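# Remarks on the overall topology
Spelled out from the first residue to the last, the chains are:
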Amino acid sequence: MARSSLVDDISEALLSQIVSGALPIGGALPSEAELCEKHGVSRVTVREAIKTLAAQRVVDVQRGRGTFVLPHSAWTGLEAVLRATAFGADDGRASLQLIEVRRMIETGAAALAAERRSDDELVQLEECVEGMRAAHAADDLAMFVEHDIRFHDVVLRATGNVFVAVLFEPLARVMRAKREQTSAVRVIQEHAIEQHAFVLAALRSGDADAARRAMDAHMTQTAQDLEHFVLGRTGE
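Residues numbered from 1 in each chain as written. Predicted model: local features only at pLDDT ≥ 70, side-chain atom pairs only at ≥ 80, totals over all residues. Heavy atoms only, no water.

An unreviewed UniProt entry lists the protein chain under the name DNA-binding FadR family transcriptional regulator, from Microcella alkalica.

Below is the structure:
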């Protein structure tokens, strides 16, 4: 039986090559013999690693022909999809779909947070907005992204619902990469500060509907900024 750690290592290595484009969509994986030689493992380990990717619909094993990389739209493994998105292996569709998922989760979270947030959490949110302003003035991208991400983390915690943060956690890694991409544009930072301030005001008011609308407007602005300033879809 193949050791699970070795299987994970090989499947991870293959996924990295697929995500980077070294193993292109529609292309065939190297033969079992080639993979065994390259990674210094047994055929059983290679087969188990390929089964792991096949279970996530990253590859398709065709008897007598080989193993082929499937398009991203066929992938069912969340980790694989997030890896592809973080690497930028799309034309913007996945980034916009990520915002759609954020909208679904975060608008509801904002509504709950408006009714349940503590005074301490409100102070933390205020500190995040002020931190974004200071980072913008100092032209400190890393600090800006840090305060931005923390703001949304506090909103999720303020819901008082443990499942919200658990559902959102897998998106955290790719969201950081995308925020670094979009927040590098200073006008996007200005829009983000304004929108976060609106969300903060709604949360402070305790009005669930107002908080939901404010977060929804923030997601709309984020999508518009992505399309206009990052993807260059000025004509849409």
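## With respect to the overall build of the protein chain
Operational definition: Only DSSP runs of H or I reaching four residues or more are called helices, and only runs of E reaching two or more are called strands; each is numbered from the N terminus. Under the scheme applied here, a residue whose accessible area is under 20% of the maximum for its type counts as buried, over 50% as exposed, and between as partly exposed, the area being computed with a 1.4 Å probe on protein chains only. Contact criterion: two residues are considered in contact whenever any of their non-hydrogen atoms come within 4.5 Å of each other. The protein chains shown are the only cover counted for residues, whose accessible areas, like all others here, come from Shrake-Rupley with a 1.4 Å probe. Working convention for charge: Lys and Arg count positive, Asp and Glu count negative, and His plus the chain ends are omitted. For the purpose of locating charges, the reference atoms are NZ of Lys, CZ of Arg, CG of Asp and CD of Glu.
For the protein chain, the count of helices and strands is 11 helices and two strands. Taken from N to C terminus, the helices and strands of the protein chain fall in the order α-α-α-β-β-α-α-α-α-α-α-α-α. For the protein chain, the spread of C-alpha atoms along the three principal axes comes to 65 × 40 × 30 Å. By residue count, 42% of the 236 residues in the protein chain fall in the buried class. Taking contacts inside the protein chain between residues at least 6 apart in sequence as the whole, the part at least 24 apart equals 71%. Here the protein chain displays about 12,100 Å² of accessible surface, and carbon together with sulfur accounts for 53% of that area. With 26 positive and 35 negative side-chain charges, the protein chain shows a spacing of 6 Å between the two charge centroids.

## Some points on the nonpolar core
The following threshold applies: Side-chain atoms within 4.5 Å are what join buried Ala, Val, Leu, Ile, Met, Phe, Trp, Tyr and Cys residues into a set we call a nonpolar core.
Residues Leu 125, Phe 151, Val 155 and Leu 203 are the most contacted members of the largest nonpolar core, which totals 24 residues. Looking at this core, the elements that each hand over two or more residues are α5 (93–116), α6 (119–138), α7 (141–158), α10 (186–205) and α11 (208–230). A per-element tally of this core places α11 first, with seven residues. Ignoring sequence-local partners within four residues, the contact set of Leu 203 consists of Ala 110, Ala 113, Ala 114, Arg 117, Leu 125, Val 155 and Ala 211. In this structure, Val 7, Leu 14, Ile 18 and Leu 53 belong to the second largest nonpolar core, which totals 22 residues.

## Points about α6
Test applied: What a helix should span is 1.5 Å times the count of its residues minus one.
Between its first and last C-alpha, α6 extends 29 Å over 20 residues, near the 28 Å set by a 1.5 Å rise per residue. Those residues of α6 lying buried are Glu 121, Leu 122, Gln 124, Leu 125, Cys 128, Val 129, Gly 131, Met 132, Ala 135 and His 136. Those residues of α6 hidden inside the fold are in contact with α5, α7 and α10. Positive backbone phi, at 55 degrees, marks Asp 139, one or two positions downstream of α6.

## Quick word on the pairing of strand β1 (residues 59–62)
To keep things clear, this is the line we draw: DSSP-based pairing: two strands are paired if at least 2 bridges between them are found.
Examined bridge by bridge, β1 and strand β2 (residues 66–69) share four bridges and lie antiparallel to one another. If you follow Val 61 over to β2, its bridge partner there is Thr 67. Connecting β1 to the next strand, β2, in antiparallel fashion are three residues, including Gly 64 with a positive phi near 80 degrees.

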